[in-house]
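# Observations on the three-dimensional arrangement
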Amino acid sequence: MQAFEYHKFSGAGNTFVVIDGRGVPHHEYPGIDGIVALCREYGTDGLMILDNSEEADFDMAFFNPDGSGGMMCGNGGRCIVAFAEWLRVKPSAPGHYVFKAPDGIHEADILSHDGFDRWTVRLSMRDVHGVEDVLRGRFLDTGTRHFVRFVGDVETVDIEREALPIRHHEHFAPQGTNVNFVSEAADGLHVRTFEKGVEGETLACGTGITASAIAAWKAGIQPDSFVDGRARYHLKARTSWLIVDFIPEGDQAFRDIHLTGPAEMLF
């Protein structure tokens, strides 16, 4: 682990240790114990490694603070794109990056940069095929498994008590699921997420925000706009607003999904 310089990023309040793994042998990457220790030391919701890629501009590896991996992270995806620009990784086109994540190829556009440590990034997410009605909510995979339930007011939810039985429910075994509670408000949808791997509520979850927007469409909640077949929702995590837009095709297919929001380098 001494071969790495550690950076901390925030994506809408979701925080990560981010490291540049290019040129470092993979056997020197932090193992599970190292990942757990680094996330604990820096107080983050995960760890990401940017690496060289044979298929894209770079590869992204993501790990939860318990050391588990193999899934996509939407807020992390925006942060690692900002990190790539900060590192001056050559993009596929100016301001446009293509990278490989655990769930496949993603594309991202840097919409703005304040010249210092704040970016706005629009990130493509994987298509969704299939939304299951279960346990008074909806279950879908947006690169990570998510359950979404609509409630009257997310602020009144005892999230630990309400989410844990769902997170460990036999229906989602053995992997389990992340759990999102969503409520409608005058200014948009408000979302709270309990993340597996973190085993608690996080300030934001990009794949969960994406799942919540698609579940809203399925629930008949009108988007903020619907132009040329594309639905667009504004959603508020605990501290930040994000935007999800997508093209619904029938009742079970959603394509060309994008997640837009902030990425900030803390150090």
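Residues numbered from 1 in each chain as written. Predicted model: local features only at pLDDT ≥ 70, side-chain atom pairs only at ≥ 80, totals over all residues. Heavy atoms only, no water.

With that settled, the discussion passes to the overall build of the protein. Helices and strands together make up the secondary structure of the protein, namely four helices and 18 strands. By the compact-globule yardstick of 18 Å for 267 residues, the protein fits well, its C-alpha radius of gyration being 18 Å. In the protein, which comprises 267 residues, the proportion classed as buried is 55%. A separation threshold of at least 6 residues defines the contact pool for the protein, and within that pool the share at least 24 residues apart is 59%. Total accessible area on the protein stands at roughly 11500 Å², and carbon and sulfur atoms take up 48% of it. (Helix = DSSP H or I, 4+ residues; strand = E, 2+ residues; numbered from the N terminus. Rg over C-alpha atoms; globule rule 2.2 N^0.38 Å. Buried < 20%, exposed > 50% of the residue type's maximum accessible area, 1.4 Å probe, protein only. Contact = heavy atoms within 4.5 Å. Areas by Shrake-Rupley, 256 points an atom, 1.4 Å probe, with all protein chains shown as cover.)

Residue position: T142 is located in the loop between strand 10 (137-141) and strand 11 (145-150). With a relative accessible area of 1%, T142 lands in the buried category. A polar contact of 3.0 Å, which involves the side chain of T142, links it to the backbone oxygen of T207. Apart from the residues within four sequence positions on either side, T142 is in contact with D103, M125, R126, V128, T207, T210 and A211. (Polar contact = N/O pair within 3.5 Å; in protein donor to acceptor, adjacent residues only side chain to side chain.)

Considering all chains together, one arrives at 16 salt bridges under this definition. Across the salt bridge formed by E162 and R161, the nearest N and O atoms sit 2.9 Å from each other. Here E162 falls in the partly exposed class, since its relative accessible area comes to 26%. The salt bridge partner of K218 is D251, with a shortest N-O separation of 2.9 Å. Of this pair, K218 sits in helix 4 (residues 206-218) while D251 sits in the loop between strand 17 (241-249) and strand 18 (253-265); the two residues are 33 residues apart in sequence, bridging distant segments of the chain. K218 sits in the buried class, given a relative accessible area of 16%. In this structure, a network of salt bridges that share partners links the residues R122, R230, D245 and D256. (Salt bridge = Lys/Arg side-chain N within 4 Å of Asp/Glu carboxyl O.)

Its place among the elements puts D45 in the loop between helix 1 (32-42) and strand 3 (47-51). Among the residues examined, D45 registers a relative accessible area of 14% and is labelled buried. Not counting chain neighbours up to four residues away, the residues in contact with D45 comprise G13, N14, T15, F62, N64, P65, V198 and T202. In this structure the side chain of D45 is engaged in a polar contact, spanning 2.9 Å, whose partner is the side chain of N14.

Here we take up the state of the cysteines. With the rule as written, the count across this model stands at zero disulfides. In this model C39 remains outside any disulfide bridge; the closest cysteine sulfur is found in C73, 11 Å from its own. (Disulfide = S-S within 2.5 Å.)

Under the criterion given, the structure shown has 15 aromatic pairs. Summarising the aromatic geometry, the rings of F4 and Y29 are spaced 5.7 Å apart at their centres and angled 55° between planes, so their arrangement reads as tilted. Residue F4 is located in the segment before strand 1 (6-11), and its partner Y29 is located in the loop between strand 2 (14-20) and helix 1; the two are separated by 25 residues in the primary sequence. Taking relative accessible area as the criterion, F4 reaches 7% and is therefore assigned buried. Given a relative accessible area of 17%, Y29 falls into the buried group. Among the aromatic side chains, those forming a connected cluster through ring pairs are W217, F226, Y233, F246 and F254. (Phe/Tyr/Trp six-rings, centres within 6.5 Å; stacked < 30°, edge-to-face > 60°.)

Attention shifts here to the nonpolar core. Most often, soluble globular proteins keep nonpolar side chains buried together rather than apart. Among the nonpolar cores identified, the biggest contains 55 residues, and F58, M60, Y233 and F246 are the most heavily contacted of them. Ignoring anything within four residues of it in the chain, the contact list for M60 reads M48, I49, M72, C73, G76, G77, I80, F99, K100, A101 and P102. Membership of the second largest hydrophobic core comes to 12 residues, among which are F139, V157, F172 and V179. (Core = buried A, V, L, I, M, F, W, Y, C linked by side-chain atoms within 4.5 Å.)

When you line up the elements, K8 lands in strand 1. Lacking a salt bridge, the buried K8 has D45 as its closest oppositely charged neighbour, with an N-O distance of 8.6 Å. When neighbours within four sequence positions are excluded, K8 is seen to be in contact with T15, F16, Y42, G43, T44, E264, M265, L266 and F267. (Lys, Arg positive; Asp, Glu negative; His and termini not counted.)

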